[in-house]
Amino acid sequence: MGEEGTEGTVHLLCLAASSGVPLFCRSSRGGAPARQQLPFSVIGSLNGVHMFGQNLAVQLSSARTEDTTVVWKSFHDSITLIVLSSEEGTSELRLERLLHMVFGAMVLLVGLEELTNIRNVERLKKELRASYRLIDSFLGDSELIGDLTQCVDCVVPPEGSLLQEALSGFAEAAGTAFGSLVVSGRVVAATESWWRLGTPEAVLLPWLVGSLPPQAARDYPVYLPHGSPTVPHRLLTLTLLPGLELCLLCGPRPPLSQLDPQLLDRWWQPVLDPLRACVPLGPRALPAGFPLHMDILGLLLLHLELKRCLFTVEPSGDQEPSLAQRRRLLRSFYTLVTATHFPPEPGSPEKVEDAAQRAQVPRACYLVSGPEEPGTGWRLVALQLGPRRLLLLLSAQSPTHGLRSLATHTLHALTPLL
């Protein structure tokens, strides 16, 4: 199995569908932003072959060369996105979902009207610059995984009920039903209305907050790609502790100035210690001391109906492989089992031939990355029970005959958390 995200280059192109005029090009190499740009002739050829197919009523969606995967996607017959990846093991599923996230980010920060009714190309180019930071975070080596799973990255706080109560009370006092606590781009707690946000904004909003430079407070105009793509809302953020932000989604009211220190102190001062316990939860996701088997090097737990996930590669952090490599292994394994073995997630389009095979879908599968010899190769195991899907990365010492039992035990232990 290739390690998705290993040294390679990703180019993302955005063009006006009708004219083929490039709106922007973003690139990354080895997970870091890159200045290398594609020649205009290559951009024109990639767009030209896609338009040629459309004129013949042929939908060109993807192509592979010896070392590059290319995926095309048109949105509203107005915007064409093209992604090229030379990263080893990159899957079409990963690139397709990347393009959906990118377009969602464009709508979130610019609005659908500007993208579907392009009156001035140069002005649109300038407006789209506001989305570059968020888009670049999708191309980089992120610690989050919601871009791929389309589920909200979450953490499990030690005293979640206290934080939930404070959040609901504060949101009501501020005059909005939409509130959340976000640490490092992951949701700690949220109001019921916030959890009911559709895809992709449920994933994009905390990701946006995590991608922005630290600020004490923000009043940020956002469009909701699913819920309100043409009328902007206001995203208010307040930093409660370094790395931990309170987010409110609202209309014209309340003004940011109305969220005065007295109101903040009233609701958050009594839960200061539980808030402090949330700050280190970012990459760890699970509360300190949560019992995990010593062979577990990383895990991804998905609740496919709630569209939430827990993702961490922090267990046994002093062992090989590196944290970045663990993330790549789990992301690559997720794309493999999602595209090949397990049924589509709720809301995903299902082909007729997929439906015919639903009776034969597996409940578990495993893979050894590297030579299958005693004590070598990382173990990866996936297990699905009801709405939950668990993926584990295990050390080379973990015996293959015990993988399913270990995964089942771990899933039962994690079930009360998500």
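Residues numbered from 1 in each chain as written. Predicted model: local features only at pLDDT ≥ 70, side-chain atom pairs only at ≥ 80, totals over all residues. Heavy atoms only, no water.

### Remarks on the overall build of the chain
At step 1: Helix and strand content of the chain: 15 helices and 17 strands.
At step 2: Here the C-alpha radius of gyration of the chain, 22 Å, is about what a compact globule of 418 residues would show, namely 22 Å.
At step 3: With respect to the principal axes defined by its C-alpha atoms, the chain has extents near 65 × 60 × 40 Å.
At step 4: Split into buried and exposed, the 418 residues of the chain put 54% on the buried side.
At step 5: For the chain, contacts bridging at least 24 residues in sequence account for 62% of all contacts bridging at least 6.
At step 6: When the accessible surface of the chain is split by element, carbon and sulfur atoms take 53% of a total near 18600 Å².
At step 7: For the chain, the distance from the average position of its 34 positive side-chain charges to the average position of its 40 negative side-chain charges is 3 Å. (Helix = DSSP H or I, 4+ residues; strand = E, 2+ residues; numbered from the N terminus. Rg over C-alpha atoms; globule rule 2.2 N^0.38 Å. Buried < 20%, exposed > 50% of the residue type's maximum accessible area, 1.4 Å probe, protein only. Contact = heavy atoms within 4.5 Å. Areas by Shrake-Rupley, 256 points an atom, 1.4 Å probe, with all protein chains shown as cover. Lys, Arg positive; Asp, Glu negative; His and termini not counted. Charge placed at Lys NZ, Arg CZ, Asp CG, Glu CD.)

### Let's talk about the sheet that holds strand E1 (residues 9-16)
At step 1: Taken in spatial order, the 6 strands make up an open sheet running E3-E2-E1-E6-E5-E4, and their pairing is antiparallel. Bordering the open sheet on either side are strand E3 (32-33) and strand E4 (62-64), each of which pairs with just one other strand.
At step 2: Relative to E3, strand E2 (residues 22-29) runs antiparallel, the two sharing 2 bridges. By the bridge assignment, Arg29 is partnered in E3 with Ala32.
At step 3: Sitting on the sheet, helix H1 (residues 40-55) is in contact with E1, E2, strand E5 (69-75) and strand E6 (79-85), with an inclination near 60° to E5. (Pairing = 2+ DSSP bridges. Axes fitted to C-alpha atoms, helices over the stretch in contact; angles between N-to-C directions.)

### Focus: the pairing of strand E12 (residues 244-250)
At step 1: With 7 of 7 residues buried, E12 is to be regarded as a mostly interior element.
At step 2: Of the two faces of E12, the one carrying Leu244, Leu246, Leu248 and Cys250 and the one carrying Glu245, Cys247 and Leu249 are both buried.
At step 3: Direction of pairing for strand E8 (residues 178-183) relative to E12: antiparallel, over a ladder of 6 bridges. Across the sheet, Val182 pairs through a bridge with Glu245, a residue of E12.
At step 4: If you look at the hairpin formed by strand E11 (residues 228-241) and E12, you'll find 2 residues sitting between the two strands, and Gly243 has a positive phi there, around 90°.

### As for the UniProt feature "domain: FUZ/MON1/HPS1 second Longin" (unreviewed entry) in the chain
At step 1: The positions UniProt marks with the feature "domain: FUZ/MON1/HPS1 second Longin" (unreviewed entry) are residues 175-269.
At step 2: Here residues 175-269 runs as 24% helix and 42% strand, with 20 Å between its end C-alpha atoms. (UniProt positions renumbered as here; feature names shortened; annotations may be inferred.)

### Some remarks on the pairing of E6
At step 1: Across the 7 residues that make up E6, a large majority, 7, are buried.
At step 2: Every second residue of E6 is oriented toward a common face, with Ile79, Leu81, Val83 and Ser85 on one face and Thr80, Ile82 and Leu84 on the other, all of them buried.
At step 3: Across 7 bridges, the pairing between E1 and E6 is antiparallel. Note that in E6 the partner of His11 across the bridge is Leu84.

### Observations regarding the side chain of Ser211
At step 1: Turning to its location among the elements, Ser211 is positioned in helix H9 (residues 201-211).
At step 2: At a separation of 2.8 Å, a polar atom in the side chain of Ser211 contacts the main-chain carbonyl oxygen of Leu208.
At step 3: Ser211 has contacts with Arg133, Leu134 and Ser137, leaving out every residue within four places of it along the chain. (Polar contact = N/O pair within 3.5 Å; in protein donor to acceptor, adjacent residues only side chain to side chain.)

### Comments concerning the UniProt feature "domain: FUZ/MON1/HPS1 first Longin" (unreviewed entry) in the chain
At step 1: The UniProt record annotates "domain: FUZ/MON1/HPS1 first Longin" (unreviewed entry) at residues 11-137.
At step 2: This span, residues 11-137, is 43% helix and 26% strand, and a straight line between its end C-alpha atoms measures 13 Å.

### Focus: the domain arrangement of the chain
At step 1: One can read the domain layout of the chain as domain 1 (10-140), domain 2 (157-284) and domain 3 (296-341 + 362-415).
At step 2: For domain 1 and domain 3, the distance between their C-alpha centroids amounts to 31 Å.
At step 3: With 4 residues of domain 1 at the contact, the number on the domain 3 side is 5 residues.
At step 4: Around 350 Å² of area is buried between domain 1 and domain 3 when both sides are counted, 54% of it from carbon and sulfur atoms.
At step 5: Together, Leu93, Arg94 and Arg97 form the three largest contributors to the area buried by domain 1 at its contact with domain 3, with a combined 79%.
At step 6: Inspection of the domain 1/domain 3 interface yields 0 salt bridges.
At step 7: At the junction of domain 1 and domain 3, the tally comes to 1 residue pair in polar contact (both at pLDDT 80 or more).
At step 8: Looking at side-chain class alone, the side of domain 1 that touches domain 3 contains 1 nonpolar, 1 polar and 2 charged residues. (Domains from an automatic or database assignment. Buried area = accessible area lost by both parts, 1.4 Å probe. Salt bridge = Lys/Arg side-chain N within 4 Å of Asp/Glu carboxyl O. Nonpolar A, V, L, I, M, F, W, Y, C, P; charged D, E, K, R; others polar.)

### Some words on the environment of Leu418
At step 1: Along the chain, Leu418 falls in the segment after helix H15 (403-414).
At step 2: Note: C-alpha distance between Leu418 and Leu301 (117 residues apart in sequence) is 8.1 Å.
At step 3: In this structure, Leu418 is in contact with Leu301, His303, Arg308, Cys309, Leu310 and Arg388, ignoring residues within four places of it in sequence.

### With respect to the packing of helix H2 (residues 92-110) against helix H13 (residues 323-340)
At step 1: In the contact formed by H2 and H13, the axes pass within 9 Å of each other and the chain directions differ by 100°. Considering their axes alone, H2 and H13 lie roughly perpendicular with respect to each other. Residues Leu93, Arg94 and Arg97 of H2 form the contact with H13, whose participating residues are Arg331, Tyr334, Thr335, Thr338 and Ala339.
At step 2: A per-class count over the contact of H2 with H13 returns 3 nonpolar, 2 polar and 3 charged. (Parallel < 35°, antiparallel > 145°, perpendicular 65-115°, else oblique.)

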